[in-house]
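# Examination of the molecular architecture
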Amino acid sequence: MRVNNLIGFVLFTCIALIHQHKQYEEETLYSLNGGVYNDNTNQPVEVNSTVVYKTLPFGNDIGVTHLRPGFDYYIKLKKSKTYKIQVKAKGFATSSKIVEPNQESISKESIRLDFRLKPIEVGQLIELRKLKFAQGKADILKDAFNDLEDLYATLTENPKIKIRIEGHTDIDGSAELNMKLSKLRVEKIEEFLINKGIDKNRIETDAFGEAFPLVKHGTEEERSVNRRVEIRITSI
């Protein structure tokens, strides 16, 4: 009986090790590398930059690497995982990209992914392309939080800049309600940043309602871009 139990234990251990080895093979790493460039000059950024990478949605695996001007970053990623790669540098707006498992990451040992950072200037609009809201509401859609984290990183990396949060709605509904709605939306963004530790004195808000739509005609999906908040640099 003891012999049978021992054999069973050995077999179980072997199977577990095989499974673990297969799982490790599935988690084979590949290299992601690239440069960090000034979007205005197409040259490498002139300051040190930081690359932060983490798995989505929960950030269970996270890493940071620091770059000197003109050097590429090199990081190892698990081919079965989705990552957010965020790049930040003093004097520039933070940028991030989502890297998902695909045939390229599975079949190649190395993939290149460059980043282009916009220099921060007074009057500049920081693009938050996924910062959108549910129709008729001030609820921030789930996909928007990656953009908000980039905005927060820009503000922490550049502690002297001040911003104005500008709210817009689509052209459906009454002008009065749309004005109130745009005000609620900018207040949501302001609240997010203050809760993260940004000094409220660095933040202004302005609501425009339906006054400046990007798309006046089209489908509801096409007009959804009108429901937006834009971030304008007011001081550096």
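Residues numbered from 1 in each chain as written. Predicted model: local features only at pLDDT ≥ 70, side-chain atom pairs only at ≥ 80, totals over all residues. Heavy atoms only, no water.

### Observations regarding the side chain of Thr94
For clarity, the cut-off: Runs of E in the DSSP output that reach at least two residues are strands. Runs of H or I that reach at least four are helices, and both are numbered from the N terminus. The contact rule is simple, with two residues in contact once any of their heavy atoms fall within 4.5 Å.
Secondary-structure assignment places Thr94 in the loop between strand E6 (83-89) and strand E7 (95-99). Those residues in contact with Thr94 that lie beyond four places of it in its chain are Gln86, Val87, Lys88, Asp150, Ala153 and Thr154.

### Notes on the sheet that holds strand E10 (residues 125-126)
Convention followed: In short, DSSP must find at least two bridges between two strands for them to pair.
Pairing is mixed across the open sheet formed by four strands, whose spatial order is E10-E13-E11-E12. Since the sheet does not close on itself, it has two edges, and those belong to E10 and strand E12 (203-207), each with one partner. The pairing of strand E11 (residues 162-168) with strand E13 (residues 228-235) spans seven bridges and is classified as antiparallel. Its bridge partner being in E13, Lys162 is matched across the sheet by Ser235.

### Notes on the packing of helix H3 (residues 145-157) against helix H4 (residues 175-195)
Put simply, the rule reads: Convention adopted: a line fitted to C-alpha atoms gives each axis, helices being fitted over their contacting stretch, and angles between N-to-C directions are expressed from 0 to 180 degrees. Here the angle decides the label: under 35 degrees means roughly parallel, over 145 means roughly antiparallel, 65 to 115 means roughly perpendicular, and every other value means oblique. In a left-handed crossing the near helix is turned counterclockwise from the far helix by less than a right angle, and in a right-handed crossing that turn is clockwise.
In contact at an axis separation of 11 Å, H3 and H4 are set at 55 degrees when each is read in the N-to-C sense. It follows from the interaxial angle that H3 and H4 lie oblique. Considering the relative orientation of H3 and H4, their crossing is right-handed. Counted together, Phe145, Leu148, Glu149, Leu151, Tyr152 and Leu155 of H3 and Ile189, Phe192 and Leu193 of H4 form the full contact between these two elements.

### Some details on the pairing of E11
Here is the rule we go by: Relative accessible area decides the class of each residue, using a 1.4 Å probe on protein chains only: under 20% of the type maximum gives buried, over 50% gives exposed, and in between gives partly exposed. A crossover gets the label right-handed when its path from the first strand over the helix to the second runs clockwise, viewed with the strands pointing away from the viewer.
Most of E11 sits inside the fold, with five of its seven residues counted as buried. Where E11 and E12 come together, five bridges link them in parallel fashion. The partner of Ile163 across the bridge, within E12, is Ile203. One crossover worth recording links E11 to the parallel E12 by way of H4, and it is right-handed.

### So, the side chain of Arg228
Basically, it comes down to this: Within 3.5 Å is the distance limit for a polar contact, defined as a pair of N or O atoms, with the added protein rule that one can donate a hydrogen and the other accept it, and that residues adjacent in sequence qualify only through two side-chain atoms.
Within the element layout of this structure, Arg228 appears in strand E13. Under the relative-accessibility criterion, Arg228 is labelled buried at 9%. At a separation of 3.1 Å, a polar atom in the side chain of Arg228 contacts the side chain of Glu230. When near neighbours in sequence (up to four residues on either side) are disregarded, Arg228 contacts Leu131, Phe133, Glu166, Gly167, His168, Phe212, Pro213 and Leu214.

### A closer look at the packing of aromatic side chains
Two measures describe an aromatic ring pair: the distance that separates the ring centres and the angle between the ring planes. How we decide: Two aromatic rings from Phe, Tyr or Trp, using only the six-membered ring of Trp, form a pair when their centres are within 6.5 Å; if the ring planes differ by under 30 degrees the pair is stacked, by over 60 it is edge-to-face, and anything between is tilted. Working rule: Lys NZ or Arg CZ, within 6 Å of ring centre, within 35 degrees of ring normal, means a charge sits over the ring.
Taken as a whole and assessed by the stated rule, the structure comprises three aromatic pairs. When the centroid spacing of 5.5 Å and the interplanar angle of 75 degrees are considered together, the rings of Phe208 and Phe212 count as edge-to-face. Just above the ring of Phe115 sits the side chain of Lys97; from NZ or CZ to the centre is 4.8 Å. Geometry around Tyr152 places Lys196 over its ring, the cationic atom sitting 4.7 Å from the centre.

### Section: H4
Test applied: Here, expected helix span is obtained from the residue count minus one, scaled by 1.5 Å.
With 21 residues, H4 extends 30 Å between its outermost C-alpha atoms, agreeing within 8% with the 30 Å of an ideal straight helix rising 1.5 Å per residue. Buried within H4 we find Asn178, Leu181, Ser182, Arg185, Val186, Ile189, Glu190, Phe192 and Leu193. Positioned one or two residues after H4, Gly197 has a phi angle of 110 degrees, which is positive.

### Some points on the nonpolar core
Note the following rule: For our purposes a nonpolar core is just a set of buried Ala, Val, Leu, Ile, Met, Phe, Trp, Tyr and Cys residues, chained together by side-chain atoms within 4.5 Å.
Judged by nonpolar contacts, the single largest core of 22 residues is most densely connected at Leu131, Ile165, Ile189 and Leu193. Listed by contribution, the elements that provide at least two residues to this core are H3, E11, H4 and E13. In terms of residues, this core owes the most to one element, H4, which gives four residues. Aside from chain neighbours lying at most four places away, what touches Leu131 is Ile140, Ala144, Asp147, Leu148, Ile189, Arg227, Arg228 and Val229. Counting 20 residues, the second largest nonpolar core, distinct from the first, contains Leu32, Val51, Leu77 and Ile111.

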